[in-house]
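# Examination of the molecular architecture
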Amino acid sequence: MKKVFLVLILALCYTIAPAQIIYEEFESKKLDTTRRLKIQLPRNYEQNQDKVYPIVLVLDADYLFEPVAGNIDYFSYWEDMPESIVVGVMQGDSRYDDAYYDDTNYMPAESGADFFEFLGLELIPYIDSKFRTAKFIIAIGHDFTANFTNYYLFKDPPLFNGIISLSPDTAPSMGDRLVQRIPEINNKMFYYLATGTDDIKGLQEAAIELDGQLKTVKSERFNYYFDNFEGATHYSLVARALPNAIEKIFSVYRPISKQQYTNELMKTDKPVSEYLTDKYATIKDLFGLDNPIRVNDYIATATAAVKRKQWESLRVIASMAQRDYPNTVLGDYYMGRFYEENGEAKKAMRTYQGAYDKEEVDFITIDKMLDKADKIKDDFGY
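Residues numbered from 1 in each chain as written. Predicted model: local features only at pLDDT ≥ 70, side-chain atom pairs only at ≥ 80, totals over all residues. Heavy atoms only, no water.

## Some points on the environment of Lys 248
- Locating Lys 248 in the fold gives a position in helix H8 (residues 236-249).
- What makes Lys 248 partly exposed here is its relative accessible area of 26%.
- Measuring from C-alpha to C-alpha, the distance between Lys 248 and Tyr 151 comes to 23 Å, with 97 residues separating the pair along the chain.
- Not counting residues within four places of it along the chain, the set of residues in contact with Lys 248 comprises Tyr 192, Tyr 225, Phe 226 and Asp 227. (Helix = DSSP H or I, 4+ residues; strand = E, 2+ residues; numbered from the N terminus. Buried < 20%, exposed > 50% of the residue type's maximum accessible area, 1.4 Å probe, protein only. Contact = heavy atoms within 4.5 Å.)

## Things to note about the pattern of salt bridges
- Summed over all chains, the structure comprises 25 salt bridges.
- In this structure, the salt-bridge partner of Lys 284 is Asp 290, at a minimum N-O distance of 4.0 Å.
- Among the residues examined, Lys 284 registers a relative accessible area of 44% and is labelled partly exposed.
- By relative accessible area, Asp 290 is classed as exposed at 62%.
- A salt bridge links Asp 324 to Arg 323; its shortest N-O distance comes to 2.9 Å.
- The class for Asp 324 is partly exposed, based on a relative accessible area of 27%.
- Using a relative accessible area of 55% as the deciding quantity, one classes Arg 323 as exposed.
- What you see here is one network of salt bridges that share partners, running through Asp 60, Arg 95 and Asp 143. (Salt bridge = Lys/Arg side-chain N within 4 Å of Asp/Glu carboxyl O.)

## With respect to the packing of aromatic side chains
- Applying the stated rule across the entire model yields 28 aromatic pairs.
- Taking 6.3 Å as the distance between ring centres and 75 degrees as the angle between the ring planes, the aromatic pair formed by Phe 116 and Phe 148 counts as edge-to-face. Of the two residues, Phe 116 is situated in helix H4 (residues 111-130) and Phe 148 in helix H5 (residues 144-149); the sequence distance between them amounts to 32 residues.
- Exposure remark for Phe 116: the relative accessible area of 19% places this residue in the buried category.
- Phe 148 sits in the buried class, given a relative accessible area of 1%.
- Taking 4.2 Å as the distance between ring centres and 15 degrees as the angle between the ring planes, the aromatic pair formed by Phe 116 and Tyr 152 counts as stacked. Of this pair, Phe 116 sits in helix H4 while Tyr 152 sits in the loop between H5 and strand S6 (162-166), and the two are 36 residues apart along the sequence. Just as Phe 116 is buried, Tyr 152 falls in that class too.
- Three or more aromatic residues link up through ring pairs in this structure, and these residues are Phe 26, Phe 115, Phe 116, Phe 118, Tyr 126, Phe 148, Tyr 151, Tyr 152 and Phe 160.
- The ring of Tyr 96 is capped by Arg 95, whose NZ or CZ atom sits 5.3 Å from the centre of that ring. (Phe/Tyr/Trp six-rings, centres within 6.5 Å; stacked < 30°, edge-to-face > 60°. Lys NZ or Arg CZ within 6 Å of the ring centre and 35° of its normal.)

Dropping the structure here:
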């Protein structure tokens with residue numbers, strides 16, 4: 001009995017393994033010094049050997065790492081964003097030297113140029129070589145370091161796919177440069193900017209001015225979001241901005257919500273099945289993740305197909321569900337519904353009956369499947 005109890009405890013610990021925090025001393029040739037890193041690996045990283053993960057790079061990790069890592073762990077636990085590797089760079093007082101730019105051209109210079117190369121040429125390649133990374137990187141900075149993240153947009157291609165800019169202390173002409181540069185970027189780009197009504201006055205005014213400039217950018221590839229939090233200070237806005245930024249940047253990754261069902265699935269001009277495949281193709285293109293379609297999303301799109309009487313879409317969705325979840329009743333139930341609506345009652349009955357030994361899913365129970373088969377049998381006398 002004790003052995004059984006121990007096995008159960010070990011199994012439980014394995015299932016709910018917390019995110020793993022690693023501290024490293026990184027020897028940088030570019031900086032000619034050592035930088036301390038904080039790295040958070042996703043839950044069960046070691047067990048999921050075939051899985052790759054986006055990178056969330058956190059500057060000012062001395063105080064930003066924990067709020068960022070906590071939000072990433074929380075949102076990924078509920079599948080509102082992909083599990084990600086959080087990499088924090090400890091800077092302390094060196095943050096001012098790290099973010100240094102020239103007083104004439106306002107581009108990184110001296111210690112700032114060294115730090116620019118450290119991130120792009122040393123740190124990110126090191127993380128890619130040591131961990132299983134996807135080709136998607138979000139960078140997060142605060143005031144000086146928030147401004148610094150912008151410089152990577154001028155690389156071709158940019159080092160980052162997204163930026164979370166918290167109350168940036170922007171360099172002169174940065175807004176004009178971004179407005180000119182962003183339309184030239186060929187990749188999809190996410191940009192989140194935040195300030196607060198009680199932020200440092202000069203920074204709040206600069207953020208509002210930058211917001212006005214970025215809103216003029218004309219590019220279908222540029223996804224821009226802005227928040228000016230009522231009552232938020234320079235430091236308290238961080239706690240309010242991070243969850244907003246994550247929700248907006250990773251909105252396409254989340255399971256189909258009730259709002260999306262009502263406003264998109266029930267109104268889209270394209271076939272519902274195409275909406276589903278496009279969603280997961282976008283996830284793959286953006287984040288480099290080849291995720292299986294969620295049961296929730298199969299049910300949502302199949303329900304929409306039924307209500308909109310898109311029977312061919314229902315057949316496609318059912319066929320995909322049978323492929324992805326062959327040991328469950330999911331695909332068989334919706335294929336049976338398709339056969340019923342297509343006037344193939346005998347095929348529908350056999351499909352329902354054939355799922356009697358499979359796993360139940362959500363509201364789709366074995367009893368429900370057999371009841372539908374019995375009703376067809378009674379109605380048609382099979």
